[in-house]
Amino acid sequence: MIAFVKGVLEAVNDGSIVVENQGIGYEILVSGSVLQALPQAGNEVKIYTYTHVREDALQLFGFLTRDDLAMFKLLITVSGVGPKGALGILTVMDANALRIAILTDDAKAIARSPGIGAKTAGKVILELRDKISSDALMPDFLSEDAKGYDSADTLVIQDAVQALTALGYSASQAATAVKKVSAEGMSVEDILKQSLKVIGT
């Protein structure tokens, strides 16, 4: 099992890359989002990998984060979603966006992925909903959206999300609503009012 490949990016192809490590070139299948985020050829990269073994082939699928790799491994457990289908889903959304889509039953967002229809998107939600923790959304939400806020604002944002969950909304609904509110300098009450308007629209 190859956990990751770290080396020089030798080539970028349509849907795959080649990374050279100690004289060996590893061909790794990657999503479109990975291709867009890669540096120019000749630079060093670190790609987290999943080894897919078939009777006629051994393939490496690569990701820039452990989180995307973990979500890929979950996706390929869904009936009807193979490695290429999972890669297609992670081309149109990252792991956290996929969690939100699953927890909010947003099959349309998942079905935008190449090769994934409405029926398969529904299976992804049905089979992975219980495997996704809504609490996992909060650290990502705060790390991405607390930029530019002072510590007091960050605490207010967190309190607002917790207050919404206490009202019966899921963590994903709460985080998504608060994310759409310009929370800088606002009180918890003000953020709640604005977030409830967002949820109601």
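Just so you know, these numbers come straight off a predicted model, no measurement behind them. (Residues numbered from 1 in each chain as written. Predicted model: local features only at pLDDT ≥ 70, side-chain atom pairs only at ≥ 80, totals over all residues. Heavy atoms only, no water.)

What is the right way to look at the sheet that holds strand β2 (residues 16-21) in this model?
The pairing of strands in a sheet comes from backbone hydrogen bonds and takes either a parallel or an antiparallel form. Sheet architecture is closed into a barrel: five strands sit in the order β1-β2-β3-β5-β4, paired in mixed fashion. The mean inter-strand angle of the sheet, taken between neighbouring strand axes irrespective of direction, is 55°. Of the pairings in the sheet, the one linking β2 to strand β3 (residues 24-29) comprises six bridges and is antiparallel in character. Residue pairing for β3: V18 is matched across the bridge by E27. (Pairing = 2+ DSSP bridges. Helix = DSSP H or I, 4+ residues; strand = E, 2+ residues; numbered from the N terminus. Axes fitted to C-alpha atoms, helices over the stretch in contact; angles between N-to-C directions.)

Explain the environment of G185 to me, please; I cannot follow it from the model alone.
Within the fold, G185 resides in the loop between α9 (171-179) and α10 (188-200). Residue G185 is classed as exposed on the basis of its relative accessible area of 65%. (Buried < 20%, exposed > 50% of the residue type's maximum accessible area, 1.4 Å probe, protein only.)

How do you make sense of the packing of helix α2 (residues 66-75) against helix α3 (residues 83-92) when you look at a structure like this?
What describes two packed helices is the angle between their axes and the distance between those same axes. Contact pair α2 / α3: the axes reach a minimum separation of 9 Å and the direction vectors enclose 135°. In terms of axis orientation, α2 runs oblique to α3. Here α2 runs over α3; the crossing is right-handed. Of the residues in α3, those in contact with D68, M71, F72 and L75 of α2 are P83, A86, L87, I89 and L90. Looking at side-chain class alone, the contact of α2 with α3 contains eight nonpolar, no polar and one charged residues. (Parallel < 35°, antiparallel > 145°, perpendicular 65-115°, else oblique. Left-handed = near helix turned anticlockwise from the far one by under 90°. Contact = heavy atoms within 4.5 Å. Nonpolar A, V, L, I, M, F, W, Y, C, P; charged D, E, K, R; others polar.)

What am I meant to see in helix α4 (residues 95-103) here?
Think of an α-helix as 3.6 residues a turn; residues three or four steps apart then line up on the same face. Among all positions in α4, only A95, N96, L98, R99, A101 and I102 are buried. N-capping of α4 is provided by D94, with a side-chain oxygen placed 2.8 Å from the backbone N of A97. At the C-terminal side of α4, D105 shows a positive phi close to 55°. (Polar contact = N/O pair within 3.5 Å; in protein donor to acceptor, adjacent residues only side chain to side chain.)

Would you mind showing me how to read unusual backbone geometry here?
Glycine aside, a negative phi is what most residues show, and trans is what most peptide bonds show. We note that Q22 has phi near 50°; this positive angle belongs to a residue other than glycine. Turning to its location among the elements, Q22 is positioned in the loop between β2 and β3. By relative accessible area, Q22 is classed as exposed at 76%.

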